[in-house]
Amino acid sequence: MSHYQTQKRLRLKVEQAIESKAITAGEGLTITHHYAMGSRAASRYTSASSMVLIADISRRVRLAK
């Protein structure tokens, strides 16, 4: 799967989670921005508390119906 397809799938899941009120629009922006940065930049420039927040948002996106 290409990077574009992965980003598109993430955006669709985030939109679905926002519509079902699992996350807010700001949280959706946070998670899409984090994954758009790429894994190296995300691991290098993201604090531990932000990583916990991102993991929580990711969990709620995955569980959104």
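Here the structure is shown first, and the text comes after it.
Here goes a summary of the coordinates provided. (Residues numbered from 1 in each chain as written. Predicted model: local features only at pLDDT ≥ 70, side-chain atom pairs only at ≥ 80, totals over all residues. Heavy atoms only, no water.)

1. Describing helix H1 (residues 3-19)
And then number 1: Its 17 residues give H1 an end-to-end C-alpha distance of 24 Å, which sits within 8% of 24 Å, the value for a rise of 1.5 Å per residue.
And then number 2: Buried within H1 are the following residues: Gln7, Leu10, Val14 and Ala17. An end-on view of H1 places all buried positions within 85 degrees of arc, on one side of the element. H1 presents Tyr4, Arg9 and Glu19 as exposed residues on the side facing more than 90 degrees away from its buried surface.
And then number 3: On its buried face, H1 is in contact with helix H2 (25-37) and helix H4 (48-63).
And then number 4: Downstream of H1 by one or two residues, Lys21 has phi in the positive range, about 65 degrees. (Helix = DSSP H or I, 4+ residues; strand = E, 2+ residues; numbered from the N terminus. Expected span 1.5 Å × (residues − 1). Buried < 20%, exposed > 50% of the residue type's maximum accessible area, 1.4 Å probe, protein only. Arc of directions from axis to C-beta. Contact = heavy atoms within 4.5 Å.)

2. Notes on the packing of H2 against H4
And then number 1: Where H2 meets H4, the axes come as close as 10 Å, and the angle between the chain directions of the two elements is 110 degrees. With respect to each other, H2 and H4 are oriented roughly perpendicular. Listed contacts from H4 to Glu27, Thr30, Ile31, His34 and Tyr35 of H2 are Met51, Ile54, Ile57, Ser58 and Arg60.
And then number 2: Here the residues of the contact of H2 with H4 are counted per class, giving 5 nonpolar, 3 polar and 2 charged. (Axes fitted to C-alpha atoms, helices over the stretch in contact; angles between N-to-C directions. Parallel < 35°, antiparallel > 145°, perpendicular 65-115°, else oblique. Nonpolar A, V, L, I, M, F, W, Y, C, P; charged D, E, K, R; others polar.)

3. As for the pattern of salt bridges
And then number 1: All told, the structure shown has 3 salt bridges when counted by the stated rule.
And then number 2: For Asp56, the salt bridge identified is with Arg59, shortest N-O distance 2.9 Å. Of this pair, Asp56 and Arg59 both sit in helix H4, 3 residues apart, which is roughly one turn of that helix.
And then number 3: Owing to a relative accessible area of 28%, Asp56 belongs among the partly exposed residues under this scheme.
And then number 4: The exposure class of Arg59 is partly exposed, given its relative accessible area of 40%.
And then number 5: Notably, a salt bridge pairs Asp56 with Arg60, separated by 3.1 Å at the nearest N-O pair. (Salt bridge = Lys/Arg side-chain N within 4 Å of Asp/Glu carboxyl O.)

4. Some thoughts on H4
And then number 1: Compared with the 22 Å implied by 1.5 Å per residue over 16 residues, the 23 Å span of H4 between its first and last C-alpha is a close match.
And then number 2: Ile54, Ile57, Ser58 and Val61 are the residues of H4 that are buried. When H4 is viewed along its axis, its buried side chains cluster within an angular range of 105 degrees and face the same direction. Relative to its buried face, H4 has exposed residues pointing more than 90 degrees away, namely Ala48, Ser49, Val52 and Leu63.
And then number 3: Turning to H4, the residues buried within the fold contact H1 and H2.

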